Every structure is written in C-alpha cells, then in structure tokens.
Amino acid sequence: MTEALAIRHVAFEDLGSFEQVLRDRGIDVTYADAGRGRLLEQVERRSPRLLVILGGPMGALETAAYPFLEEELALIRSRLSREKPLLGICLGAQLIAAAMGAGVYGGEAKELGWGAVDLSAAGADSPLAEMTTPVLHWHGDTFDLPQEAVHLASTPVCKNQAFAVGRRVLGLQFHAEVRGDAIESWLIGHAHEIAQAPGVSVQEIRADTRRYASLLETRSRTFFNRWLDGALA
C-alpha cells in the first residue's frame, strides 16, 4: 500500500482534513513525532511515497535547541534531490525554504487567526485556485522564496505564503488542513502566544472558525486531491 508519513511537532497540529483525503485514496497514513527517536531512521525505514512536515512552535533555524530539525533538513534535501513528493505546512514550509538555501527570519508581525490569501497568476493556475475561502494563519516567522521555487500566494503581512517546486514539492505557510472541531486544541496549546498578540482574541478566532471552517474543509479536500493527482503521478 502507498504510504504517507507526516512529521508532527505538537499533537494537535496534525494532517487534519488532509488525512481523510489520503485514506480515501487508499493511502496508509502514519506519523513520526519529532523528539521521539531518530526521524531519519523512521522515515528511511518506511520509505513513504509522500512525506509531510507539519507545523510547530519552534523556528526552522533553532537547530541547536532542537537537534531533530537537522534531521528534518537532511530528509528534505534527500527528497528534493530524488524529486519525491513533499509537502511542508507552516514550519514545514520554512524548513523546505531553509533546506533550499533561502533565508528564514522573523516576520514584520505575527499573523494569527483567519484571513484570505491572494493568489499569484501561477497560484491561480494551480490546485490552490480552490482556496477562495479564508484560511488559518499561525506564524511569526517568514522566509525568502527559494531560487528554484514558483511563488503561489501572499498576504499583506507575509509575501511568501505558498510556493511550488515542480509538481511534487509544495510549501504552505498557512494552514489549509485545519478542521473546525480541532480549534479548541489550538486555542489551548497556543494560549500564551494568543495572550501576547495585540488585537488577537480567543473569542474572535473561535467565531471566525464557526464562520469559515466548514467551507475551508470542503475547498481544502478538493485542493489537496488536485495536488496529489500531480504529485503522485
């Protein structure tokens, strides 16, 4: 059976609605939790068709504090060199950018909560064309566009919200995968960060989740299926 393996950094930031898309396609889904065992050994032993690197609260360059990030960078470089399907979400996208030699650094402001993304011409001609609803943003860092990448999406706060490298590598700074029924875990897990973010409130995020999450799940499943069609071909 074809397998997708997702590297997870915190328990509540999982594959979300993407997981059911994979299972519906007959793809076995497994997780490798960062900080528990050697990631390189786990991934190489399983040799997954698709590798997904999920979000997390640490910075992509905090390798001294979090040595497993070096393993993730090595895995990304290996996937890129072999042109194997790779998806990075939030921290995962930053790690792909870093592995490709692009700068990763603190953004001009933290972007927390729901908001739309603006698609580039290339983005509108890609599977991301399905993403016409607000998505969940949850990051303070950003990155330069890797030299070999195609820019797909932006927001006023963050120029590089999505990029592609061919058909098989995709980086998403935003969270298209999040499910509405998971948001309380995000609010609990990120309570300290929310409290320190000016103009951001639990009540607003919760209300916007009720407003947007259901449509996002529908659009995200269509988008992800379209991307998988190309990435796994």
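Residues numbered from 1 in each chain as written. Predicted model: local features only at pLDDT ≥ 70, side-chain atom pairs only at ≥ 80, totals over all residues. Heavy atoms only, no water.

A. Examining the overall build of the protein more closely. When you go through the protein residue by residue, the secondary structure sums to eight helices and 10 strands. In terms of C-alpha radius of gyration, the protein reaches 16 Å, essentially the compact-globule figure of 17 Å for 233 residues. Projecting the C-alpha coordinates of the protein onto the three principal axes gives extents of approximately 45 × 40 × 35 Å. Counting the 233 residues in the protein, one finds 55% classified as buried. For the protein, the share of sequence-separated contacts (at least 6 apart) that also reach a separation of at least 24 residues comes to 74%. Accessible surface computed for the protein: about 10200 Å², of which carbon and sulfur atoms make up 48%. Charged side chains of the protein number 23 positive and 30 negative; the gap between the two group centres comes to 5 Å. (Helix = DSSP H or I, 4+ residues; strand = E, 2+ residues; numbered from the N terminus. Rg over C-alpha atoms; globule rule 2.2 N^0.38 Å. Buried < 20%, exposed > 50% of the residue type's maximum accessible area, 1.4 Å probe, protein only. Contact = heavy atoms within 4.5 Å. Areas by Shrake-Rupley, 256 points an atom, 1.4 Å probe, with all protein chains shown as cover. Lys, Arg positive; Asp, Glu negative; His and termini not counted. Charge placed at Lys NZ, Arg CZ, Asp CG, Glu CD.)

B. View of unusual backbone geometry. Phi at Ser47 takes a positive value of approximately 50°, unusual for a residue other than glycine. Looking at the secondary structure, you find Ser47 in the loop between helix H2 (39-46) and strand S3 (50-53). Note on Ser47: relative accessible area 48%, which makes it partly exposed. We note that Glu83 has phi near 55°; this positive angle belongs to a residue other than glycine.

C. Just the environment of Gly123, in detail. Looking at the element boundaries, Gly123 is found in helix H5 (residues 121-124). Between the C-alpha atoms of Gly123 and Glu177, which are 54 residues apart in sequence, the distance is 18 Å.

D. Spatial organisation of the pairing of strand S9 (residues 162-165). Across the two faces of S9 the burial is the same, with Ala162 and Ala164 and Phe163 and Val165 all buried. Here three bridges tie strand S8 (residues 150-154) to S9, and the two strands are oriented antiparallel to one another. Opposite His151, over in S9, you have Phe163 as the bridge partner. Where S9 lies against strand S10 (residues 169-172), four bridges are found, and the strand directions are antiparallel. Within S10, the residue paired with Phe163 across the bridge is Gly171. (Pairing = 2+ DSSP bridges.)

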